[in-house]
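# Observations on the model geometry
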Amino acid sequence: MGKYINGSGWKSLGVIVLLLLLFSACSKGRQVTEEERVEYTQKQQDSLTFAASHHYSNNYNFVVKADSLVLFSQQPEEIVNGMLVDTLVVKKNDHLVVADIRIIPIDSIDSVWVQLARDQYTFGWTRESQLLPAVVPDQPISQFISAFSDKHLLIFLYVISIIAFIYFVRVVSRMQVPFVHLRDIPSVYPTLLALLVASAAAFYASIQNFAPDTWRHFYYHPTLNPFVVPPLLAVFLISVWAIVIVGLACVDDVRHKLPFSDAILYLCGLAAVCAVNYIVFSVSTLYYIGYFLLLAYFVFAIRRYLSNHPTHYVCGHCGEELPHKGKCPYCGVINK
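Quick caveat, the model's predicted, so the values are computed rather than measured.

A few words now on the packing of helix α8 (residues 212-220) against helix α9 (residues 231-257). Interhelical geometry of α8 versus α9 gives an angle of 60° and a closest axis separation of 10 Å. Comparing their axes, α9 and α8 come out oblique. Between α8 and α9 lies a crossing whose hand is right-handed. Side by side, α8 and α9 meet where Thr214, Trp215 and Phe218 of the first sit next to Leu233, Phe236 and Leu237 of the second. Taken together, the residues of the contact of α8 with α9 sort by class into 5 nonpolar, 1 polar and no charged.

Here the structure, examined in full by the defined rule, presents 15 aromatic pairs. The interplanar angle of 75° and the centroid separation of 5.6 Å between the aromatic rings of Tyr56 and Phe62 together place this pair among those described as edge-to-face. Here a set of aromatic residues connected by ring pairs shows up, and it is made of Phe50, Tyr56, Tyr60, Phe62, Tyr219 and Tyr220.

Mapped onto the elements of the fold, Cys268 is located in helix α10 (residues 260-284). Once the C-alpha coordinates of Cys268 and Ala164 are considered, the two residues, 104 residues apart in sequence, prove to be 9.1 Å apart.

Right, let's talk about the pairing of strand β5 (residues 112-119) for a bit. Burial within β5 is extensive, with 6 of its 8 residues counted as buried. Where strand β4 (residues 95-103) meets β5, 6 bridges bridge the pair, whose relative direction is antiparallel. The residue of β5 that forms the bridge with Ile103 is Val112. Looking at chain direction, β5 and strand β6 (residues 122-127) are connected through 6 bridges and run antiparallel. Residue Leu116 lies in a different strand from β6, and its bridge partner there is Gly124.

This paragraph deals with unusual backbone geometry. A positive phi angle, close to 70°, is found at His55, a residue other than glycine. Despite not being glycine, His181 shows a phi value in the positive range, around 75°. On the secondary structure map, His181 appears in the loop between α6 (151-175) and α7 (189-210). Accessibility expressed as a relative area gives 6% for His181, which makes it buried.

It is at 9 Å that the axes of α9 and α10 come closest, and there the two elements cross at 150°. Put simply, α9 runs roughly antiparallel to α10. For the pair α9 and α10, the sense of crossing is right-handed. In contact with Cys250, Val251 and Val254 of α9, α10 contributes Ala263, Tyr266, Leu267 and Leu270. Here the contact of α9 with α10 is composed, by residue class, of 7 nonpolar, no polar and no charged.

Turning next to the pattern of salt bridges. Per the counting criterion, the structure on display carries 6 salt bridges. A salt bridge links Glu77 to Arg102; the nearest nitrogen and oxygen atoms lie 2.3 Å apart. Placement of Glu77 in helix α3 (residues 76-80) and of Arg102 in strand β4 is noted, with a sequence separation of 25 residues between them. Residue classification places Glu77 among the partly exposed residues on the basis of a relative accessible area of 28%. Relative accessible area serves as the criterion here: at 24%, Arg102 is assigned to the partly exposed category. Among the ionic pairs, Asp253 bridges to Lys257, the shortest N-O distance being 2.6 Å. A residue pair is termed a helical-turn pair when its members lie 3 or 4 positions apart in one helix, as Asp253 and Lys257 do in helix α9 at 4 residues. With relative accessibility at 15%, the residue Asp253 sits in the buried group. A cluster of three or more residues bridged by salt bridges with shared partners is formed by Asp94, Arg118 and Asp119.

Analysis parameters
- By convention here, each chain's residues receive numbers from 1 onward along its written sequence.
- With pLDDT at 70 or above as the cut-off, local features in this predicted model cover only qualifying residues; side-chain atom pairs require 80 or more to be listed or tallied, and sums for whole chains, interfaces and linings still use all residues.
- Here the side-chain values reflect all heavy atoms present in the structure, with hydrogen atoms and water set aside.
- To obtain each axis, a line is fitted to C-alpha atoms, and for helices this fit is confined to the stretch in contact; angles are then taken between N-to-C directions over 0 to 180 degrees.
- Helix and strand definitions here come from DSSP, where helices need a minimum of 4 consecutive H or I residues and strands a minimum of 2 consecutive E residues; each element is numbered from the N-terminal end.
- Angular relationships are summarised with four words: roughly parallel below 35 degrees, roughly antiparallel beyond 145, roughly perpendicular across 65 to 115, and oblique for the angles in between.
- Here a crossing is called left-handed whenever its near helix is offset anticlockwise from the far helix by less than a right angle, and right-handed whenever the offset is clockwise.
- Contacts are assigned to residue pairs that have any heavy atoms within 4.5 Å of one another.
- Put simply, Ala, Val, Leu, Ile, Met, Phe, Trp, Tyr, Cys and Pro go in the nonpolar bin, Asp, Glu, Lys and Arg in the charged bin, and everything else, Gly too, in the polar bin.
- Geometry of aromatic contacts follows a simple scheme: Phe, Tyr and Trp rings, the Trp one being its six-membered ring, pair when their centres are within 6.5 Å, and the pair is stacked under 30 degrees between planes, edge-to-face over 60, tilted otherwise.
- For every residue, the accessible area obtained with a 1.4 Å probe (protein chains only) is divided by the maximum for its type, and the residue is called buried under 20%, exposed over 50%, and partly exposed between those limits.
- In this description, strands pair whenever DSSP reports at least two bridges between them.
- Each reported salt bridge corresponds to a side-chain nitrogen of Lys or Arg within 4 Å of a carboxyl oxygen of Asp or Glu.

Structure, rendered in structure tokens:
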């Protein structure tokens, strides 16, 4: 059998723990030797400074998204001084890698020049101000962000979403089928999904308003891991993952609560509501109106959900959902 530690044993143990804490607190970290200290050249320091402010550097990969991009074969100084130069054109979807970056102070248009390579035979220079609107980082997430940031696409999505929303509302009013916020089913997931999309859209626009450099860095170095990014981006990524999880739960719940045809129509209407939420709140929050609209939408959505008398009980005999305890309207069993 084990023995209890007496009073003197506890005192000895306490002294040992105290000494360990003192020694660990007073110990010095290992000093970096001269051999281990890294010395950067001026060019390396300039490259690190440029990468920190522009979020890309040498060997970064782009894809041409414009119809074409003109590159100059000569050095930037020759181009700035008006000398005769040769040009070459890279086409849409061509992959480019940053080969060099030069700062030309005498250029009154843009002092940053970038040399790009399509292959080992195709090199050329262009100003950064002409490069960035014509390319997108060679990352699927970055390309998705670029596509959904296009103003023409946003206008198109806005029009299509409004048309789809009006259409589904008219269909619902005629067919008397369930629809989120109007004649909703007894499930929290559709309302929660709509609120998550609206909140994520407003938060996305807020990052662009108040922390544009943080969003710019994420654009050039995207990730779906919320634990390796700054807190603002972590909250946004968590909300994106929450939309995916709640969306899957919503599909499963709707599939069990409605017939197949009604479930398809209900999910299409929910998708239209989420699309309208994304467009409205991502755009209106850029002009600070979205915060008031989001608060009003939360009040409206929650009140509509509560007015539908959501089910909290299940019959112990047949398994059907009940609005309250008592006699089951399906099998007649009394539930207490």
